[in-house]
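# Chains, contacts and geometry: an overview
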Protein chains: 2
Amino acid sequence: MELEVYRKHSQMARGLAKAEKVFKNGTVFISNTGEFVKGDVAVSDGIVIGVGNYSGLEEIDLDGKIICPGFIDSHLHLESTLVTPGELVRQAAQCGTTTFIVDPHESANVSGTDGIDYILDQTEDVPANVYVMMPSCVPATHIDDNGCTLSAGKMKAYLDNPRILGLGEVMDAPSVINGNISMHEKLNLFRNKVKDGHAPFLGAGDLAAYALGGINTDHECVDYEYAMAEARNGMQVLIREGSAARNLDAIVKGIVEHHTDTSAFCFCTDDKHIEEIRREGHINYNVKRAVSLGLPVEKALQMATIQPARCYGLTHLGMIAPGRQADFVIFDNLMDLNVVDVYHAGKKIIRDEKIELKPCPPALKNTVHVSGFSEERLKLKHPGTKAHVIQMLEHQIVTKDVVEEVPWKETDGKRYFASDENYQKIAVIERHKNTGKMGVGIVKGYGIRNGAIASSVSHDSHNIIVVGDNDQDMVLAVKELIHTQGGYTLVNNGKIYGTLPLQVMGLMSDAGYENVNAALSRMIPKAHEMGIPEGFDPFITLSFMALPVIPEIRVTPRGIYLTSQDRMLANPFHN
Amino acid sequence: MELEVYRKHSQMARGLAKAEKVFKNGTVFISNTGEFVKGDVAVSDGIVIGVGNYSGLEEIDLDGKIICPGFIDSHLHLESTLVTPGELVRQAAQCGTTTFIVDPHESANVSGTDGIDYILDQTEDVPANVYVMMPSCVPATHIDDNGCTLSAGKMKAYLDNPRILGLGEVMDAPSVINGNISMHEKLNLFRNKVKDGHAPFLGAGDLAAYALGGINTDHECVDYEYAMAEARNGMQVLIREGSAARNLDAIVKGIVEHHTDTSAFCFCTDDKHIEEIRREGHINYNVKRAVSLGLPVEKALQMATIQPARCYGLTHLGMIAPGRQADFVIFDNLMDLNVVDVYHAGKKIIRDEKIELKPCPPALKNTVHVSGFSEERLKLKHPGTKAHVIQMLEHQIVTKDVVEEVPWKETDGKRYFASDENYQKIAVIERHKNTGKMGVGIVKGYGIRNGAIASSVSHDSHNIIVVGDNDQDMVLAVKELIHTQGGYTLVNNGKIYGTLPLQVMGLMSDAGYENVNAALSRMIPKAHEMGIPEGFDPFITLSFMALPVIPEIRVTPRGIYLTSQDRMLANPFHN
């Protein structure tokens, strides 16, 4: 059968039979040679038959437009946009990204391999190629209380899955460098596959030791010098341009200035929200921006096509050549680089096509399991000493650990911390395994008044995080999220102002991206109205306050964590 | 254990422990970025630990010299130099080639998988990395009488051998393009590995169909235009500079002239004899020559290092970076590119080191099995008509099919072809399976007088080929080779003037390259003295006269073969 198909295709390639579909009169980007060549592209059964002079049963006149291999996003997370994976992929595919190399790190932290299976399943039939890197750091640290532990043993079953390309971003550089057993079991399991890195700011020796551990890529470089240091250590640099982290300008300017060989570079988005994808684009934006900075267009296109294909061993992608998958992005011209059409496996991607959502397994919509939560436990006794306060900073996810006097009130003869316009309460409630763990802290700078805000998206363990200026509203917010099985909620003056349910693992909504957007565009302005400065995204900034790898101070279900000192305090008044 | 080693190496990489060996003060070629960087290279247990500022238990001061990843010969045959595989590898390794991707096509034609096992075994302990491509065309054609047939079924056992990188040069392009079942079984078996090509002169459609069959590389391009056509079809071009075929100038001049992206190019030698390796070098010669033609030195070095490593999936080679094998070639400077030293897995390669030869399995020294050979069967009855004569051409392996009157003598009332100064007899005797098959033809231009010359090296089937001006000497020559179990022999006036025994499959000598050279330098001048023009290598040119894929006329054990007409004649007097 397969041979029969080849014979048919061979006849087409040789011009002895008409091809199924021919893109006539194109300017074909040949990624292998970096050239633009005038010609027709013949396609059949979703693969490229030949580039040259062809006629087809169906002919599409490109009229000189640019036909380029579909783009590859070499590293991204699908969960952060709050919609189901298929929706994000569909949006980005319309911009020309036909291949996604995703790390389902968030899903794995909640639901382990079931979460990974969900991502695989939901992206199986989308009009794009979705590959998965096995999350390497679940849980992210030894002090995390997440839903699952992903050991090398559990990963083994995925080794032969052709959609699993390797090990996901290895954030825990110290475990690599220090030769931690369980980390090296994972590295060893994927020794013949790609192992993505995540290691900004390592010193020269540590970076060498990290590369020596087998790490192949990094998408965390924020400047040209560090990117080059990684490339010189044999790593591939995935230049990131996402919603929050935008590193392209710094790195590409360096490349242009130094006439750097670009073969060690690819593009990625890491995290990019649907609104921004719709507004400015996806990997096509990386290309466009790089070209605007002076990078030759053929180099930029290679970084979006053949280079990631080579890096991840995707020999059937990244090139318009016989036998490669017919994934194309068609541009108007080389100046404007506007995407006119996109094809996946020879089929045109229909703009904003309505697709029936694949159902989510019921267990994944039932992941919020909280025990022993009560208003009583939110109370913070005030011993009269100074407290460690989480000082939040606008436009940043790092915090400052400030130790200072905080306000209090007396109730039944006891002193308790009491919010005012400067200080509010923040708490994290373990929500995976009914452990009853819960940490309470004091926050400054977030400014919420007359209410509370809570989220079940809270990196990386995704417990319930809540902040508020009164315990009643905080309780209401937490109970709402227990009730909705995850989501974002905003409570104002004793009433729920709005809730965006995120039932899928407490991370994503399957109500569609329009509904998600509608809810956010009602809740976010209200949050700012309630005192949260414009320099914060009320929910996204909050979602990083429990992440114990970011300086300087965090709140976790185990207490207050001082990152740089690696020290856990039972409450903010401890020393 | 492995983790213990990593921990030790990590300490060295971080500068917390001294490295085993440090190459101090080098100019390090970083193939991943195409840069030359000043620094030290730390090595331990045969792998690179780091590039930077290191101190070691042993320190080698490079004093600014260039340290570059060891070179990769992306395609070669080991048999053609007549010595055992280890000897050729050792010679070439001294020139900086530390990785060899070999196609044991000749050995497989004689001894099948035993021949391949021999190559694998003989090259296991050499100071270089030797990988094998599984010969794809054994026998080369359906009219060949060789020793073995190598089907996909027989290849299966080699799939998981980490030294087998893929399928060897697929010379039979028509079988690919026409969808021949047994060819596609082989292509399919190696679908996830590299499949080397061999297809000069295909038209555009045929080339597309060939690439569509899954062919990844070609080393047969003789000009820039065809090389680019192959690269545009997604193939990697292996630029060949060997003993006979020298394509580098034509291709590299085109690259330089057109400022072509060089990432689709590698270097190879295909066939290069020891004398020439010693005289001009190996892959280092390709590099040097390319640079002399104007190719930037970093581009030439990438074509010899990281590009073939990428093409063949050798992720541990081709780069001086943490975790890569410590294969280095050290140059005096970037102008002269003289190789000063070579290291394989951190060990210095000792020049002309005497090594004990690995024994050859007895069965492989017993491969000449001839039945029914006699002087009587050499006779060619002359029917009085014109004959198809093999017109040999100096400096070429193609021949002309000339039909003309040829001389005769009468014996016992019958007319037989009789040699004179213009026409001699040529015969091929099947020597693998006692089939008794034997073809006799007439040759012109070779000019041998008063004797005969015979060889068991005769592409691709390696039967015994003999040419002479009298039957007695021809018989003596053939019998000598049956007696020695293969070799080159020269008979003059009824006496054996000299024989070079090639006992290993009738292809190679294990007497050492000095002995081979001594024998050749005695026999070759004598052959010229006996009338063979200087434009022929008496043995090498002869070895192509039975190869039925080269125009226009050949002699085979089945008779005279007219290549372009695909027609076999029982004898030269047939029409």
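Our structure's up above, just so we're on the same page.
Residues numbered from 1 in each chain as written. Chains lettered and ligands numbered in written order. Predicted model: local features only at pLDDT ≥ 70, side-chain atom pairs only at ≥ 80, totals over all residues. Heavy atoms only, no water.

## A closer look at the overall build of chain A
Definition in use: Here a strand is any run of E in DSSP of at least two residues, a helix any run of H or I of at least four, and the numbering for each starts at the N terminus. In this setup the radius of gyration rests on C-alpha atoms only. A globule is expected at 2.2 Å times the number of residues raised to 0.38. Residue exposure (1.4 Å probe, protein chains only): buried if accessible area is under 20% of the type maximum, exposed if over 50%, otherwise partly exposed. Any two residues whose heavy atoms approach within 4.5 Å are treated as being in contact. Every accessible area reported is derived by Shrake-Rupley at a probe size of 1.4 Å, with residue values counting cover from the shown protein chains alone. The charged-residue count follows a simple rule in which Lys and Arg add positive charge and Asp and Glu add negative charge, with His and chain termini not counted at all. For the purpose of locating charges, the reference atoms are NZ of Lys, CZ of Arg, CG of Asp and CD of Glu.
Looking only at helices and strands, one finds 17 helices and 29 strands in chain A. Its C-alpha atoms give chain A a radius of gyration of 25 Å, within 12% of the compact-globule value 25 Å for 575 residues. With respect to the three principal axes, the spread of C-alpha positions in chain A is 95 × 50 × 45 Å. Among the 575 residues that make up chain A, the fraction classed as buried is 63%. In chain A, 68% of the contacts between residues at least 6 apart in sequence involve partners at least 24 apart. Of the roughly 20,500 Å² of accessible surface on chain A, 49% is carried by carbon and sulfur atoms. Mean positive and mean negative side-chain charge positions of chain A (55 and 73 charges, respectively) differ by 2 Å.

## Structural notes on the interface of chain B and chain A
Going by this rule: Two parts lose some accessible area (1.4 Å probe) when they are put together, and adding that loss for both gives the buried area. Salt bridges are defined by distance alone: a side-chain nitrogen of Lys or Arg within 4 Å of a carboxyl oxygen of Asp or Glu. Think of a polar contact as two N or O atoms within 3.5 Å of one another; within protein, one of them needs to be a possible hydrogen donor and the other a possible acceptor, and neighboring residues in sequence only count if both atoms come from side chains. Classification convention: Asp, Glu, Lys, Arg as charged; Ala, Val, Leu, Ile, Met, Phe, Trp, Tyr, Cys, Pro as nonpolar; all other residues, Gly among them, as polar.
In this assembly, 52 residues from chain B lie in contact with 52 residues from chain A. Of all residues in chain B, Tyr6, Leu212 and Arg232 of chain B bury the most surface against chain A, accounting for 19% of the area lost on that side. Taken together, the links from chain B to chain A amount to six salt bridges. For the salt bridge of Arg232 of chain B with Glu35 of chain A, the shortest nitrogen-to-oxygen distance reads 2.7 Å. Summed over the shared surface of chain B and chain A, the result is 22 residue pairs in polar contact (both at pLDDT 80 or more). For the side of chain B that touches chain A, the secondary-structure elements that each account for two or more residues are helix H1 (2-13), strand S2 (35-44), strand S3 (47-52), helix H5 (173-177), helix H6 (181-189), helix H7 (204-212), helix H8 (224-232) and helix H12 (297-304) of chain B. Of the residues belonging to the side of chain B that touches chain A, the class tally is 25 nonpolar, 17 polar and ten charged.

## Quick notes on the relation of the copies chain B and chain A
What counts, and what does not: Least-squares superposition aligns the copies on the C-alpha atoms of those residues with pLDDT at or above 70 in both.
Mapping chain B onto chain A calls for a screw motion: a turn of 180 degrees about the axis and a shift of 0.0 Å along it, with 0.1 Å RMSD after fitting. Overall, the copies show the geometry of a two-fold rotation axis. Comparing interface residues between copies, 100% of those in chain B also sit at the interface in chain A, which points to an isologous, same-surface contact.

## Some remarks on the sheet that holds strand S9 (residues 164-170) of chain A
All names here are of chain A. So the rule is basically this: Strand pairing is defined by DSSP finding a minimum of two bridges between the two strands. Whenever a helix is involved, its axis is fitted only over the stretch in contact; in every case the axis is a line through C-alpha atoms, and angles between N-to-C directions fall within 0 to 180 degrees.
Here eight strands make up an open sheet; going across it, the order is S6-S7-S8-S9-S10-S11-S12-S13 and the pairing parallel. Strands at the two margins of the open sheet, each flanked by one partner only, are strand S6 (71-76) and strand S13 (265-268). Bridging between strand S12 (residues 236-240) and S13 involves four bridges; their strand directions are parallel. From the neighbouring strand, Val237 faces S13, where its bridge partner is Phe265. Contacting S12 and S13, helix H9 (residues 248-258) crosses the sheet at an angle of about 125 degrees to S12.

## Some points on the environment of Gly203 of chain A
Residues and elements named next belong to chain A. You can see Gly203 is positioned in the loop between strand S10 (194-197) and helix H7 (204-212). When its relative accessible area of 38% is taken as the criterion, Gly203 is described as partly exposed. Along the chain, Gly203 and Lys8 lie 195 residues apart, while their C-alpha atoms are 56 Å from each other.

## Section: H9 of chain A
Residue and element names in this part refer to chain A. To keep it simple, the criterion reads: It is the directions from the helix axis to the C-beta atoms that the arc portrays.
Taken as a whole, H9 has its buried residues at Leu248, Ile251, Val252, Gly254 and Ile255. Down the axis of H9, the buried side of the element spans an arc of 155 degrees, and every buried residue falls inside it. Those residues of H9 that are buried lie in contact with helix H8 (224-232), S12, S13 and helix H11 (283-292).

## Quick notes on the environment of Gly313 of chain A
Structurally, Gly313 of chain A is set in the loop between helix H13 (306-311) and strand S14 (328-331). For the pair Gly313 of chain A and Ala300 of chain A, spaced 13 residues apart in the sequence, the C-alpha separation amounts to 20 Å.

## Quick look at the sheet that holds strand S6 (residues 71-76) of chain B
All names here are of chain B. In space, the eight strands of this open sheet follow the order S6-S7-S8-S9-S10-S11-S12-S13, with parallel pairing throughout. Each end of this open sheet is capped by a strand with a single partner; those strands are S6 and strand S13 (265-268). Helix H9 (residues 248-258) rests against strand S12 (236-240) and S13 of the sheet, and its axis sits at about 125 degrees to S12.

## A word on the side chain of Thr27 of chain A
Along the chain, Thr27 of chain A turns up in strand S1 (residues 19-30). Residue classification places Thr27 of chain A among the buried residues on the basis of a relative accessible area of 9%.

## Section: the pairing of S2 of chain B
The two faces of a sheet get side chains in turn, since along a regular strand they alternate between them. Residue and element names in this part refer to chain B. Across the ten residues that make up S2, a large majority, seven, are buried. Sheet analysis places strand S1 (residues 19-30) next to S2, joined by eight bridges and oriented antiparallel. Opposite Phe29, over in S2, you have Phe36 as the bridge partner. As consecutive antiparallel partners, S1 and S2 are separated by four residues, and within that stretch Gly34 has a phi angle of approximately 70 degrees, a positive value.

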